[in-house]
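Here's the letter readout for the chains.
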Amino acid sequence: MKLITGLAVLMLLTSPAWPSVVNNSTSSPTAEDSLVVLFFSLDSLGNPTTADSAFVLVMAPNGGVAFRDSMAIGDSRITSQTVGAKQYYTFAEQVSNIDGPGAPGVYNLALTVKNNSLGLLTPTRMIFQIISTEFSDQIALLTDSVMVKGGIIDTNKTERGDLADSTSIARWVWNTPQSGHTTSGSFGKYLDTEVSGISGGTGAYSFTLVTWDTAADQAVSGVSMQVRGVNQSSLVATGSTNSNGEVAFNLDADSFVVVASSPGYMFDAYDTLAVIGTGTDTVMGYQFDVGTPTNPGLCRVYDWVYNLAGEPETGVSVTASLPDGVVKCDGYVISPFAVSTTTDTFGLFILDLLPSEILDPSDTRYEITIMRSDGTVLRQRVTVPDSTYWKLTW
């Protein structure tokens, strides 16, 4: 029975562990670029015991040796942990240190550990696959694609580059027969409604919104207005205020959320509009000075964070980092690691950042993360413009 048990333990350790999928990046080491192997040193009864040294061998997809090294158990890459009087170890290393330039593919790793006093060797095997880009980079690219019938049309020619602009995509969709799409508009056929009617709304009642600066006691022109359903799952109408601070929409009898935005102004968040017929309502706001960056060459990035009740979120963590790694600016090395701030009592956050276009490479994007103690609110990659200030948009 002991012999069978010992063979079972040996088979478990010499069978490949569940494969890991990793990236091989030298510019921005992350968890996706690292490899961790859990291993044991077993005595003659199959119980974990102490080890003295280890040998690592990695075979490349082409059958050649990608990496080999021997080390004492006290090596900085090895961590030991005692659990229930049993000894366990982990070997951790940056992938690029294991396979050098490394080609994408499946690699086999064998780690053999030795106990000198017992004269016993314990093997551990692992399979890992190297992919060409990080998962987070692939996810970030998903917003650059449009799903249409028959596949994906890529609109980001500079990065992934195959097809069409937005106009050709729209013509393809709108000129393709779809069940229930019966309107023939000026742009194309088979529409739910004429395209030009979307901006002003298609409801039964004419309703005018007026934007008013409560501090200066005057109307505000050029304010971008969005009318959304109360659950914000649908965009009902959009427009901008004229020189009198007015914009008119055609709305049905219902309740809506009005979202107003204009550089230098702060308007009431989650302003609710109740329409029961033709009428007028006022959206209140006031001029807001976001200030100037700490350095003239920076862009002041700002925005507000609110909860579902329309109240400011105070103390929310906001960070900006460079997920693609270190870049340069005017010959200087720019660290990719995060800078952070928190929202104030108004839910406002401010980050002073280098504009993307003055960085090298010039298409560098920042990853903005907004996080509460109970989870992530937003993680988005954005291009920071070369301007004095910029309200976060994506």
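Our structure is the block above this text.
Predicted, not measured: the structure shown is a model, and the values here were computed from it. (Residues numbered from 1 in each chain as written. Predicted model: local features only at pLDDT ≥ 70, side-chain atom pairs only at ≥ 80, totals over all residues. Heavy atoms only, no water.)

Draft legend 1. Region of interest: the sheet that holds strand 16 (residues 235-240). On the basis of which strands lie adjacent, the open sheet formed by four strands has the order 16-15-18-20 and antiparallel pairing. A strand with exactly one partner marks an edge of an open sheet, and here the two such strands are strand 16 and strand 20 (271-275). With strand direction ignored, the average angle separating the axes of adjacent strands in the sheet is 25°. Note: strand 18 (residues 254-261) against strand 20, five bridges, orientation antiparallel. Paired with Asp254 across the bridge in strand 20 is Val275. (Pairing = 2+ DSSP bridges. Helix = DSSP H or I, 4+ residues; strand = E, 2+ residues; numbered from the N terminus. Axes fitted to C-alpha atoms, helices over the stretch in contact; angles between N-to-C directions.)

Draft legend 2. A look at the layout of surface pockets. If you add up the space inside the largest pocket, you get close to 1,100 Å³. Elements with a minimum of two residues in the lining of the largest pocket: strand 15 (224-229), strand 18, strand 19 (265-267), strand 22 (299-304) and strand 29 (375-382). In terms of residues, the lining of the largest pocket owes the most to one element, strand 18, which gives five residues. When the residues that make up the lining of the largest pocket are grouped by side-chain class, the tally is 20 nonpolar, six polar and four charged. (1 Å grid on protein atoms, 1.4 Å probe; cavity = no way out; pocket = protein on both sides within 12 Å on 5 of 7 lines; lining within 4 Å. Points joined across faces, edges and corners; volume = space filled by probe spheres on them. Nonpolar A, V, L, I, M, F, W, Y, C, P; charged D, E, K, R; others polar.)

Draft legend 3. Representation of the packing of aromatic side chains within the structure. Per the counting criterion, the structure on display carries six aromatic pairs. Taken together, a centroid distance of 5.7 Å and an interplanar angle of 90° make the contact between Tyr302 and Trp304 edge-to-face. Aromatic pair Tyr302 and Tyr389: ring centres 6.5 Å apart, planes at 55°, arrangement tilted. With a gap of 87 residues between them, Tyr302 in strand 22 and Tyr389 in strand 30 (residues 389-391) connect regions that are remote in the sequence. Taken together through their ring pairs, the aromatic side chains of Tyr302, Trp304 and Tyr389 make up a single cluster. (Phe/Tyr/Trp six-rings, centres within 6.5 Å; stacked < 30°, edge-to-face > 60°.)

Read these as layout, nothing more, since geometry by itself doesn't imply function.
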